Amino acid sequence: MPEGHTLHRLAVHHAGLFAGHEVHADSPQGRFTAGAARIQQIDAVEAYGKHLLYDLGEPGYLHIHLGLYGTFRDGVGSPPEPRGAVRLRLVGNGSWAELRGATACELYDDDQRGLLCDRLGPDPLRADGKAAPFVVRAGHSRAPIAGLLMDQSVVAGVGNVFRAEALYRARLDPYRSGRDVGDDALLALWTDLRILLRAGVRSGRIVTTRPADRDHGGRVTRDQAHYVYRRAGLPCRVCGTEVRTAVLAGRNLFWCPVCQSPAE
DNA sequence: CTATGATGGAAAC
DNA sequence: TTTCCCTCATAGC
């Protein structure tokens, strides 16, 4: 589930496993052999939006982007015999981690790291993530708010689930422009995104429904975790209207045409 | 068991 | 606009 919360969770987890330790790396798949050979230690791990950056000391940084398919596994003791396309394997401090299917796995120098951070918008999960750049940028745009939320240079870390759910919770029509939404609602959207993302870091899953809108109390079942995401054709949890879907910014958007009315 | 689509984004057309 | 990464959860048989 790689939206921003997944990467921040991984950063904390991998920092706990490897930060401050010598690490041996290889690439059983062979696509990152030269880069892996330069990894000797990991000093720190951080997430920025959906990107992971490992501070390696002298060689610079390891930059990883999971994309849609990328996945990490880890464990303690000696690593298992690599099976299939293992792009990167890290071993150190009594633990191992295995990366497969990532969009990006490469070494960065300071300049490349700087370029990446410069092109990303504020990340609601980071201490340095400020609302103002998001509000200003989105507030001047005539693009639909559902597209702006997917633009990593506007806000970093939001993906297709969080965009649909945050817009539902804000009762915002996804096709309204950022300019039309206005600064106050944009600030509220930012604040809610921060709440939702933080909850995602804590729990490791995306749950956006409020208790009152779930069928039962107690444990949140998977099909009750969202208001509109992947619920096309099903009744809106609040008003019963059929949830709609359309492709926006290259991905399937979901929304309730009544709760998220254009007039609001 | 197999088939399908997906939480992303860069590169190739 | 399409392809790719080549994983994984879910749906359906």
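Anything mentioned here points back to the structure above.
Counting through the fold element by element, His5 comes out in helix 1 (residues 4-18). Here the side chain of His5 touches Thr6 through a polar contact of 3.4 Å, side chain to side chain. Non-local contacts of His5, meaning those with residues more than four positions away in its chain, are made with Leu125, Phe162, Leu197, Gly200, Val201, Gly204, Arg205 and Ile206.

As a further point, take the packing of aromatic side chains. For the structure shown, the criterion picks out 4 aromatic pairs. Taking the centre distance of 5.8 Å and the plane angle of 35° together, the rings of Phe134 and Trp190 count as tilted. Note that Phe134 is positioned in helix 4 (residues 131-139) and Trp190 in helix 8 (residues 183-203), a separation of 56 residues in sequence. The residues Phe134 and Trp190 share a single accessibility class, namely buried. With a centroid separation of 5.5 Å and an interplanar angle of 80°, the aromatic rings of Tyr229 and Phe254 are classed as edge-to-face. Taken together, the residues span a long stretch of sequence, with Tyr229 in the loop between helix 8 and strand 11 (244-248) and Phe254 in strand 12 (residues 251-255) at a distance of 25 residues. Per residue, the accessibility class of Tyr229 equals that of Phe254, and both read buried. Lying across the ring of Tyr61, Arg113 places its NZ or CZ 5.2 Å from the centre.

Criteria and cut-off values
Residues numbered from 1 in each chain as written. Chains lettered and ligands numbered in written order. Predicted model: local features only at pLDDT ≥ 70, side-chain atom pairs only at ≥ 80, totals over all residues. Heavy atoms only, no water. Helix = DSSP H or I, 4+ residues; strand = E, 2+ residues; numbered from the N terminus. Polar contact = N/O pair within 3.5 Å; in protein donor to acceptor, adjacent residues only side chain to side chain. Contact = heavy atoms within 4.5 Å. Phe/Tyr/Trp six-rings, centres within 6.5 Å; stacked < 30°, edge-to-face > 60°. Buried < 20%, exposed > 50% of the residue type's maximum accessible area, 1.4 Å probe, protein only. Lys NZ or Arg CZ within 6 Å of the ring centre and 35° of its normal.

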